[in-house]
Amino acid sequence: MAKEATKNILLRLDPELAERLQAVAEVEGRSVSDVAREAITSLVEHRRNDARFSLLLEENLARHEQSLRRLRQDD
Amino acid sequence: MHHLDLYDVLAVVARVMHCDPESAVRRTDLDAVAQVLSETTSPLCQDDLAEAGGVLLSGLVSRRPFAGPNRTIAVAVVLQLAGLNNADLELEPVEEVDALLDRVSSGQAPIAEVIDVVRHRLKCRELTISSLGLEDQINPEESDMFEKFTERARRVMVLAQEEARNLQHNYIGTEHVLLAILEEGGGTAAKVLANLNISTAAARAVVLEIVGRGEQAPAGHIPFTPRSKRVLEYSLREAVQLGHQNIGTEHILLGIVQDGEGVAAQTLVKLGADLSKVRQLIRHRQHSEAAVTEFLAGDSGSFTPKMPARKHHLLSELESLIDENNQLYDQVRRLREKLRQHNIDPDD
């Protein structure tokens, strides 16, 4: 299970993408994981800005709020 | 079927945990999530929402990839998968869900059981303007109009948005509606266009020739152009004039033909279609389909009283032919989706 203070990212990448990340990291003088984290973050942000996706998510969470709140936690 | 990707899941994590994307990334075991997501797109789950939902729920609960309320996030992710596929998941009674997820956590619930539970709790939602994400693009009068669209015509509207996005256009023009009709492939309009030897690939090539590709994929909703809105209004008028209760893909194509000047109409002409011939073919097809429907309903005076045995035989032949035809269309659509998921252009 992921921990609150986790800093390492483990993600399998296809070799071509890994190479591109490596190249960007070298050019910008940053670590590959830093570049990868930034790329992932920006894609997540893009998804959050998708109005349909966000509207649906808000509707889902609002409709099932009580049920979700009552779910037991397994951790 | 719409599948989730890693970024969709992380967006749900960020929302449920009220944190920013970076924090959501840090609090998630990305590898575990990617692994579970890859299992939801296996051939078994490809076209089965319950199967994909069950695999997703089971995987996220058993592997616990989220540092935080893992179970809540896992269920929210499955709710989002259902919602994106115009379905909803019944969570009540929540105690039963909890009991199942407890057993999933301890490795005691086989995946088939989770899939079964998801299947029984999935409910199809009625397609609405809101679920199509079109509510802020059209005025109230038009909103009434969309409610009259057949399910297939609504799917065309969704595909039109995707066509615009794929071509990196920040508007939905008549050309995107035409491409969506062809892409959807199963409606009367697509069949008429197929009879005229107009394929999706050929139409897309002409559209690109006329308007080109945009420079950047638009984010969020894409608005209809005034002309494409007019085409949709024409489609409503066509349906009303023909005495039809709903707007189908054939009415949309009639709207394109009536407009006559948009990129869609230009594309049809460039592909050798005579617009009056398109109209004629649609009407002809509508008459044929109405006659078949009438016949199947037993209202055909020429057959009913005289030859009941023959009618019965013809009816079953006709019904199986129609079923077979519909199944073939569905199979073709599924195959096209699969090819596209593997980055293969189905029209190439």
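If you're wondering where the values come from, they're calculated on a predicted model, not measured in any experiment.

What follows covers the overall build of chain B. When helices and strands are tallied, chain B shows 17 helices and 2 strands. Taking the intrachain contacts of chain B between residues at least 6 apart in sequence as the baseline, contacts between residues at least 24 apart amount to 69%. Carbon and sulfur atoms form 50% of the exposed surface of chain B, whose accessible area is close to 16,000 Å².

Turning our attention to the overall build of chain A. What chain A contains, in helices and strands, is 4 helices and 0 strands. Starting at the N terminus and walking to the C terminus, you meet the elements of chain A as α-α-α-α. In chain A, which comprises 75 residues, the share counted as buried stands at 27%. For chain A, the computed accessible surface area is about 5,100 Å², with 53% contributed by carbon and sulfur atoms.

Attention now moves to the interface of chain A and chain B. Between chain A and chain B, the contact holds 40 residues from the first and 60 residues from the second. Around 4,500 Å² of area is buried between chain A and chain B when both sides are counted, 55% of it from carbon and sulfur atoms. Counting across the interface, chain A meets chain B through 7 salt bridges. A:Arg70 serves as the salt-bridge partner of B:Glu92, at 2.8 Å between the closest nitrogen and oxygen. Counting residues per element, the side of chain A that touches chain B draws most heavily on helix α3 (residues 51–63) of chain A, which supplies 11 residues. Here the residues of the side of chain A that touches chain B sort into 16 nonpolar, 8 polar and 16 charged.

Moving on: helix α6 (residues 94–105) of chain B. Spanning 12 residues, α6(B) covers 16 Å between terminal C-alpha atoms, matching the ideal 16 Å at 1.5 Å per step. Among the residues of α6(B), B:Val94, B:Val97, B:Asp98, B:Leu100, B:Leu101, B:Val104 and B:Ser105 are the ones counted as buried. Buried residues of α6(B), seen end-on, are gathered within an arc of 165 degrees and therefore sit on one face of the element. Packed against the buried residues of α6(B) are α4 (65–70) of chain A together with α4 (49–63), α5 (70–84) and α7 (111–121) of chain B. Directly beyond the C-terminal end of α6(B), a positive phi value near 70 degrees is found at B:Gly107.

Along helix α11 (residues 188–195) of chain B, 6 of the 8 residues are buried, which leaves the element largely enclosed by surrounding structure. B:Asn197 sits one or two residues past α11(B) and shows a positive phi near 60 degrees.

Note that A:Ser67 resides in helix α4. Here A:Ser67 falls in the buried class, since its relative accessible area comes to 7%. For A:Ser67, the contacting residues outside a window of four places in its chain are B:Leu91, B:Glu92 and B:Val94.

Time to look at the nonpolar core. Residues and elements named next belong to chain B. Counting residues in hydrophobic clusters, the biggest one holds 54 residues, and the most contacted among them are Leu4, Val9, Leu56, Leu57, Leu60, Val75 and Val77. At 10 residues, α5 tops the list of elements feeding residues into this core. Residue contacts for Leu4: discarding those within four places in its chain leaves Val9, Leu37, Leu56, Val77, Leu81 and Leu84. Counting residues in hydrophobic clusters, the runner-up holds 41 residues, among them Ala153, Leu253, Ala264 and Ile282.

Here we take up unusual backbone geometry. Residues and elements named next belong to chain B. In this chain, Glu92 is followed by Pro93 through a cis amide linkage whose omega measures -5 degrees. Unlike most non-glycine residues, Arg64 shows phi in positive territory, near 45 degrees. With respect to the helices, strands and loops of the structure, Arg64 is situated in the loop between α4 and α5. For Arg64, a relative accessible area of 24% puts it in the partly exposed group.

The next subject is the environment of B:Glu163. Residue and element names in this part refer to chain B. Position of Glu163 relative to the elements: it lies in helix α9 (residues 151–166). Separated by 10 residues in the primary sequence, Glu163 and Gly173 have C-alpha atoms spaced 9.9 Å apart. In contact with Glu163, other than residues within four places in its own chain, are His176, Leu179, Ala180, Glu183 and Arg204.

One pass over the full model with this rule turns up 26 salt bridges over all chains. Among the salt bridges present, the one from B:Asp88 reaches A:Arg63, with a minimum N-O distance of 3.0 Å. Of the two residues, B:Asp88 is situated in strand β1 (residues 87–89) and A:Arg63 in helix α3; the pairing between them involves two chains. It is possible to trace a salt-bridge network through shared partners that takes in A:Arg72, B:Arg71, B:Asp98 and B:Asp102.

All names here are of chain B. Contact geometry for α11 and helix α14 (residues 249–259): axes closest at 6 Å, N-to-C directions at 60 degrees. Judged by the angle between their axes, α11 and α14 are oblique. Counted together, Thr188, Ala189 and Leu193 of α11 and Thr249, Glu250 and Leu253 of α14 form the full contact between these two elements. A per-class count over the contact of α11 with α14 returns 3 nonpolar, 2 polar and 1 charged.

Turning our attention to the confidence of the model for chain A. Low pLDDT means the predicted coordinates in that region are not meant to be read closely. Residues and elements named next belong to chain A. Averaged over every residue, the pLDDT of chain A is 78; residues scoring 70 or more account for 80%. Looking over chain A, one finds the lowest element-wise mean pLDDT in helix α1 (residues 15–28), namely 79, and the highest in α4, namely 93. Scored below 50 in pLDDT, residues 1–7 shows 17 contacts in the model against residues more than four places distant or in partner chains.

Rules and cut-offs
Chains are numbered independently. Their residues run from 1 in the order of the written sequence. The lettering of chains begins at A and the numbering of ligands begins at 1, in the order of writing. Selection of residues for local features in this predicted model requires a pLDDT of at least 70, selection of side-chain atom pairs for listing and counting requires 80 or more, and totals for whole chains, interfaces and linings are taken over all residues. Calculated side-chain values reflect all of the structure's heavy atoms, with hydrogen atoms and water omitted. Counting from the N terminus, the helices are the DSSP runs of H or I reaching at least four residues and the strands are the DSSP runs of E reaching at least two. Here, two residues are considered to be in contact whenever any of their heavy atoms come within 4.5 Å of each other. Here the Shrake-Rupley method, with its probe set to 1.4 Å, supplies the accessible areas, and only the displayed protein chains count as covering residues. The cut-offs for exposure are 20% and 50% of the maximum accessible area for each residue type, with area from a 1.4 Å probe on protein chains only; residues under the lower value are buried, those over the upper are exposed, and the others partly exposed. Buried area, as used here, totals the accessible surface that two parts lose on assembly, with accessibility defined by a 1.4 Å probe and the loss added over both. Any carboxyl oxygen of Asp or Glu within 4 Å of a side-chain nitrogen of Lys or Arg constitutes a salt bridge here. Classification used: nonpolar for Ala, Val, Leu, Ile, Met, Phe, Trp, Tyr, Cys and Pro, charged for Asp, Glu, Lys and Arg, polar for all others including Gly. An expected span of 1.5 Å times one less than the residue number is assigned to each helix. The directions considered for the arc run from the helix axis to the C-beta atoms. Only buried Ala, Val, Leu, Ile, Met, Phe, Trp, Tyr and Cys residues count toward a nonpolar core, and they belong to the same one when joined by side-chain atoms within 4.5 Å. All axes are obtained by fitting lines to C-alpha atoms, using only the stretch in contact for helices, and the reported angles, taken between N-to-C directions, cover 0 to 180 degrees. Orientation is classified from the angle alone, with under 35 degrees giving roughly parallel, over 145 giving roughly antiparallel, 65 to 115 giving roughly perpendicular, and any other angle giving oblique. pLDDT is defined as a per-residue confidence score from the predictor, taking values between 0 and 100.

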